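The primary structure of each chain is shown beneath.
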Amino acid sequence: MTQHLSIGTSTLAYDLVGEGPLVVLAHGMGDTRRSYRFLVPGLVAAGYRVANVDIRGCGESSVEWDGYSRTDIAGDLVALIRHLGGPAVVVGQSISGGAATIAAATAPELVVGVVELAPFTRKQPMLDVSGLLRSPSYRKGFTRLAQVLATGSLPAWTRYLDLAVPTKPADWDAELARTVATMSEAGRMKVLQKMCQTSPADAGAQLANVRCQVLVVEGSADPDWTDPRAEGERILADLPEGLGELAVIEGAGHYPHTETPDEVLTLTLPFLARTLTRG
């Protein structure tokens, strides 16, 4: 059953299932909490209370917000954890990976661990010219996202998703249709464009301030980077020594929790056992 949390004049939609220590799931831009549909049952079965949230402007959350930066999203996640009763581990994908970093750095009493899936957590070069020349998948992904940013093209977004999810789940056609329907709602594409315009620099600036354990999961076939492993290693290098660990899932793209949920769960459950204390 969908629940709602009021933040100012806007609302966040989320599901809350299971019992035990709290895990908060936050998806990427242009997506909804459905992104974690394969992960939630395994987390609940393992004894966790799972809050799966539609981040601001997405899914069933309201559209009108003052901003869509990672800092803004982090504030929402902290508010949700405080509302539900933390502490929590935050699992964030893409833009929400950076938001999870900020939440951990600014609210260490509430966020005791972070799992970042294909995260945008560091300031990126405006244009990786060498990457465009040597990596066809990076070039295609960059071009399609540039079309989304410039024109708000829904077909360009679906073409990006086709590239970013190289291993399609069994329900891909139905979920893609659901995505198209959601992104066709008034204001949703504008939110995506605004998120595309935000910089991960605010998250990168907080990496040195994180005090909890961080698990970074990259897909080796993620088209958003020419070298996903190297991006993950750079995130770890900016964290305090000893706090970060990196896993790369071979063949996965930008949505490893959708493409390879069993592998993500296998990585996540031991991390949760180390970071969340059972009452």
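The coordinates are above.
What you are looking at is a predicted structure, and each value in this text was computed from that prediction instead of being measured. (Residues numbered from 1 in each chain as written. Predicted model: local features only at pLDDT ≥ 70, side-chain atom pairs only at ≥ 80, totals over all residues. Heavy atoms only, no water.)

1. Considerations on helix H3 (residues 95-106)
Its 12 residues give H3 an end-to-end C-alpha distance of 17 Å, which sits within 8% of 16 Å, the value for a rise of 1.5 Å per residue. Along H3, 11 of the 12 residues are buried, which leaves the element largely enclosed by surrounding structure. When we look at burial in H3, the residues that qualify are Ile95, Ser96, Gly97, Gly98, Ala99, Ala100, Thr101, Ile102, Ala103, Ala104 and Ala105. Along its buried surface, H3 packs onto strand E3 (22-26), helix H2 (70-84), strand E5 (88-93), strand E6 (111-117), helix H8 (188-197) and helix H9 (201-204). (Helix = DSSP H or I, 4+ residues; strand = E, 2+ residues; numbered from the N terminus. Expected span 1.5 Å × (residues − 1). Buried < 20%, exposed > 50% of the residue type's maximum accessible area, 1.4 Å probe, protein only. Contact = heavy atoms within 4.5 Å.)

2. Notes on empty space enclosed by the protein
Under the counting rule described, the total for this entry stands at two cavities of 30 Å³ or more. Of the voids in this model, the largest cavity is the one considered here, and its volume is about 230 Å³. Considering the residues around the largest cavity, the lining is formed by 16 residues, among which Asp31, Arg37, Trp172, Glu175 and Thr179 are closest to the centre. For the lining of the largest cavity, the leading source of residues is helix H7 (residues 172-183), giving six residues. (1 Å grid on protein atoms, 1.4 Å probe; cavity = no way out; pocket = protein on both sides within 12 Å on 5 of 7 lines; lining within 4 Å. Points joined across faces, edges and corners; volume = space filled by probe spheres on them.)

3. Thoughts on the packing of aromatic side chains
A full pass over the atoms with the stated rule returns three aromatic pairs. With a centroid separation of 5.2 Å and an interplanar angle of 25°, the aromatic rings of Trp157 and Tyr160 are classed as stacked. Taken together, the positions of Trp157 and Tyr160, both in helix H6 (residues 154-164) and three residues apart, correspond to about one turn of that helix. Of the two residues, Trp157 and Tyr160, both sit in the buried class. In this structure, Lys168 packs its charged tip against the face of Trp172, placed 5.4 Å from the ring centre. (Phe/Tyr/Trp six-rings, centres within 6.5 Å; stacked < 30°, edge-to-face > 60°. Lys NZ or Arg CZ within 6 Å of the ring centre and 35° of its normal.)

4. Here we look at the nonpolar core
Where a protein is soluble and globular, its nonpolar side chains tend to be buried together. If you look at the biggest cluster of nonpolar residues, it comprises 58 residues, and the most contacted ones within it are Val24, Leu77, Leu80, Ile81, Trp157 and Met195. Setting aside residues no more than four positions away along its own chain, Val24 makes contact with Ala51, Leu77, Leu80, Ile81, Ala88, Val89, Val90 and Val91. Ranked by size, the runner-up nonpolar core spans 21 residues in total, among them Leu25, Leu39, Val40 and Ala252. (Core = buried A, V, L, I, M, F, W, Y, C linked by side-chain atoms within 4.5 Å.)

5. What to know about the sheet that holds E5
The strand order E1-E2-E4-E3-E5-E6-E7-E8 describes an open sheet built from eight strands, whose pairing is mixed. The open sheet is flanked by strand E1 (3-7) and strand E8 (244-249), the only strands paired with a single partner. Between one strand axis and the next, the sheet turns by 20° as a mean value, whatever way the strands run. Of the strand pairs in this sheet, strand E2 (residues 10-17) and strand E4 (residues 49-54) are connected by five bridges, and their pairing is antiparallel. Bridging from a neighbouring strand, Asp15 pairs with Asn52 of E4. (Pairing = 2+ DSSP bridges. Axes fitted to C-alpha atoms, helices over the stretch in contact; angles between N-to-C directions.)

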